[in-house]
Amino acid sequence: MRLDQFVANSTTLSRKDAKRAIAAGRVRINDKPCKQARQHISAHDSVQLDHQPVAIPEELYLMMHKPAGVISATTDSNQATALDLLPGELAAQVHIAGRLDKDTTGLLLLTSDGQWSHQITSPRRDCPKTYRVSLAEPLGESARKQLEEGVLLKGEDTPTKPACVVQHADTLLDLTIHEGRYHQVKRMLAAVGNRVTALHRQQIGPVTLDDDLAPGEFRFLTDDEVQALKG
Ligand code: URA
């Protein structure tokens, strides 16, 4: 993680003020002054601001830009997991709040706070999740209506809750759903005779994937983001 991000997320300083504090030489890494906001730090580094330790906050809340090809599991001896992308000390403390398929990219939330993740994943909380969906075939008017009203997924006997569809092109849409059934988006599109060719989660509740995060990168959530998801 970048030094300015770490300082901003672990203190009361804004990102801008954290950058200023770093440029002014007020921040030290492992007892050496560091004026580079872009400097990457790992969980093994000790960081000081004005000679006071900057501690990782008690509960951890992170967002990651999940790349394709990693699974949303805590451990797997054969396959790379999202947790493998975190420094070991952080990975040991967090779990994933709302999994994504191996080939799905985008916003993944990770936390040490079980109650908080329950708000996101519990079907009763209705937490909306927005996906950018690329399709094999153009989405027709009737299929779009079915998605908006609710569709019956193969092997299930209750239809999905109404979804919100924003169509950007014939084969590109944003789909907001309020549940987290197994492979839900892919199965919804299959239920209306189409096929998902790429899937990217953009938003969970009010929290949007940070444009600054490249695939595989993560950052701590801001206090506002943590609170907003407490709903
Ligand atoms: N729906 C899916 O089909 N896959 C995901 O990864 C997330 C939602």
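Right above here is the structure, for reference.
Residues numbered from 1 in each chain as written. Predicted model: local features only at pLDDT ≥ 70, side-chain atom pairs only at ≥ 80, totals over all residues. Heavy atoms only, no water.

*Asks:* Go over the overall build of the protein chain, please, and point to the residues and values.
*Replies:* Assigned secondary structure in the protein chain consists of seven helices and 13 strands. Dimensions along the principal axes, computed over C-alpha positions, put the protein chain at roughly 65 × 35 × 35 Å. Within the protein chain, buried positions represent 47% of all 231 residues. Once local pairs closer than 6 in sequence are excluded, the contacts in the protein chain between residues at least 24 apart make up 62%. Across the protein chain, the centroid of the 28 positively charged side chains sits 2 Å from that of the 30 negatively charged ones. (Helix = DSSP H or I, 4+ residues; strand = E, 2+ residues; numbered from the N terminus. Buried < 20%, exposed > 50% of the residue type's maximum accessible area, 1.4 Å probe, protein only. Contact = heavy atoms within 4.5 Å. Lys, Arg positive; Asp, Glu negative; His and termini not counted. Charge placed at Lys NZ, Arg CZ, Asp CG, Glu CD.)

*Asks:* Provide a residue-level description of the sheet that holds strand β3 (residues 47-49), including the pertinent values.
*Replies:* The strand order across the open sheet built from four strands is β2-β1-β3-β4, with neighbouring strands paired in antiparallel fashion. Strand pairing shows two members of the sheet lacking a second neighbour, β2 (32-33) and β4 (52-53), which therefore form its edges. Taken together, the three bridges between strand β1 (residues 27-29) and β3 define a ladder with antiparallel strand orientation. Across the sheet, arginine 28 pairs through a bridge with glutamine 48, a residue of β3. (Pairing = 2+ DSSP bridges.)

*Asks:* So what's going on with the environment of aspartate 157? Which residues, and what values?
*Replies:* Looking at the secondary structure, you find aspartate 157 in the loop between α5 (141-149) and β9 (164-169). Here the alpha-carbon distance between aspartate 157 and aspartate 17, two residues 140 residues apart in the chain, equals 54 Å.

*Asks:* Tell me about helix α2 (residues 15-23), residues and numbers included.
*Replies:* Residues that lie three or four places apart on an α-helix share one face, since the helix turns once every 3.6 residues. Residues of α2 that are buried include every one of Ala18, Ala21 and Ile22, and no others. One face of α2 carries all of its buried residues, which in axial projection span an arc of 100°. Counted as exposed and oriented over 90 degrees from the buried face of α2: Lys16 and Arg20. On the buried face of α2, the contacting elements are α1 (3-10), β1 and β3. Positive phi appears at glycine 25, one or two residues downstream of α2, with a value of about 80°. (Arc of directions from axis to C-beta.)

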